[in-house]
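Chain by chain, the residues:
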Amino acid sequence: MTALNDVLYTARAKSTGGRTGESHSDDGALQVTLSTPKALGGAGGNGTNPEQLFAAGYSACFIGALQLVASQQKVTLSADTNIDASVSIGPIEHGFGIAADLVINVPGLDKAVAEKLVDDAHQVCPYSNATRNNIEVTLSVNV
């Protein structure tokens, strides 16, 4: 396990009620109601779920990593750059596991340039580093 040499930021959140509860950050910026999707045996509802939160966090973080490597390589990303993230959950040998699929849309770039940026971003993104060799992550690039 890689230790952090310097902690730059720590996010804090409290959750109650599990998949049918609530979560909120200590600063009040995040307040969400949770509900279990019908596909997982829940009632559904208007709340979000941990998989949606993970998809949002991973895609936002990956765009940040993409912006970093693009600036280092003097490549300009379109303002329309976006990521469609899917996080799936299902049974594994012992319990449940997740898989992530990121479709990285980088309009206006040469495909080879875009793929190199995505590969480089995958090396520095904190979510990619946390999931590497732990879950299946699929990256697809559209230009």
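Residues numbered from 1 in each chain as written. Predicted model: local features only at pLDDT ≥ 70, side-chain atom pairs only at ≥ 80, totals over all residues. Heavy atoms only, no water.

Going by an unreviewed UniProt entry, the protein carries the name Organic hydroperoxide resistance protein and comes from Marinomonas arenicola. As recorded by UniProt, the Sequence similarities (unreviewed entry) comment attached to the protein reads in full: "Belongs to the OsmC/Ohr family." (UniProt positions renumbered as here; feature names shortened; annotations may be inferred.)

## Observations concerning the sheet that holds strand β5 (residues 95-105)
If you walk across this open sheet you meet the three strands as β4-β5-β6, and the pairing is mixed. Pairing within the sheet leaves two strands with one partner each, and these edge strands are β4 (82-92) and β6 (136-142). On average, each strand axis in the sheet is inclined to that of its neighbour by 15°, with strand direction left out of account. Where β4 meets β5, 11 bridges bridge the pair, whose relative direction is antiparallel. Its bridge partner being in β5, Asp84 is matched across the sheet by Val103. Helix α1 (residues 50-72) rests against β4, β5 and β6 of the sheet, and its axis sits at about 140° to β4. This element, helix α2 (residues 111-124), spans β5 and β6 of the sheet and lies at about 150° to β6. (Pairing = 2+ DSSP bridges. Helix = DSSP H or I, 4+ residues; strand = E, 2+ residues; numbered from the N terminus. Axes fitted to C-alpha atoms, helices over the stretch in contact; angles between N-to-C directions. Contact = heavy atoms within 4.5 Å.)

## Description of the side chain of Thr48
Relative to the assigned elements, Thr48 resides in the loop between β3 (31-33) and α1. Only 2.6 Å separates the side chain of Thr48 from the side chain of Gln52, close enough to count as a polar contact. Those residues in contact with Thr48 that sit more than four places away from it in its chain are Val32, Thr33, Leu34, Ser35 and Leu53. (Polar contact = N/O pair within 3.5 Å; in protein donor to acceptor, adjacent residues only side chain to side chain.)

## What to know about the packing of aromatic side chains
The geometry of two aromatic rings is summed up by the distance between their centres and the angle between their planes. For the structure shown, the criterion picks out four aromatic pairs. Measuring from ring centre to ring centre gives 5.6 Å for Phe54 and Tyr127, while their planes differ by 65°; the resulting arrangement is edge-to-face. Taken together, the residues span a long stretch of sequence, with Phe54 in helix α1 and Tyr127 in helix α3 (residues 126-131) at a distance of 73 residues. Grouped by ring-pair contacts, the aromatic residues Phe54, Tyr58, Phe62 and Tyr127 constitute a single cluster. (Phe/Tyr/Trp six-rings, centres within 6.5 Å; stacked < 30°, edge-to-face > 60°.)

## Details of the nonpolar core
Counting residues in each nonpolar core, the largest one holds 22 residues, and the members touching the most others are Phe62, Leu66, Leu77, Ile104, Val106, Leu109 and Leu117. Of all elements in the fold, only α1, β4, β5 and α2 reach the threshold of two or more residues within this core. Ranked by residue count, the leading element in this core is α1, at seven residues. Leave out the neighbours within four places in its chain, and Leu66 touches Leu77, Thr81, Ile104, Val106, Leu117, Val118 and Ala121. (Core = buried A, V, L, I, M, F, W, Y, C linked by side-chain atoms within 4.5 Å. Buried < 20%, exposed > 50% of the residue type's maximum accessible area, 1.4 Å probe, protein only.)

## A word on the pairing of strand β1 (residues 13-16)
Here β1 pairs with strand β2 (residues 22-25) via four bridges, running antiparallel. By the bridge assignment for β2, Ser15 is matched with Ser23. Turn length for the β1-β2 hairpin, with the two strands adjacent in sequence and antiparallel, is five residues, and the turn residue Gly17 shows positive phi of about 80°.

## Things to note about the sheet that holds β3
Taking strand neighbours across the sheet as the criterion, the three strands line up as β1-β2-β3 in an open arrangement whose pairing is antiparallel. At either end of the open sheet lies a strand with only one pairing partner, and these are β1 and β3. If you compare each strand with its neighbour and ignore which way they point, the axes differ by 10° on average.

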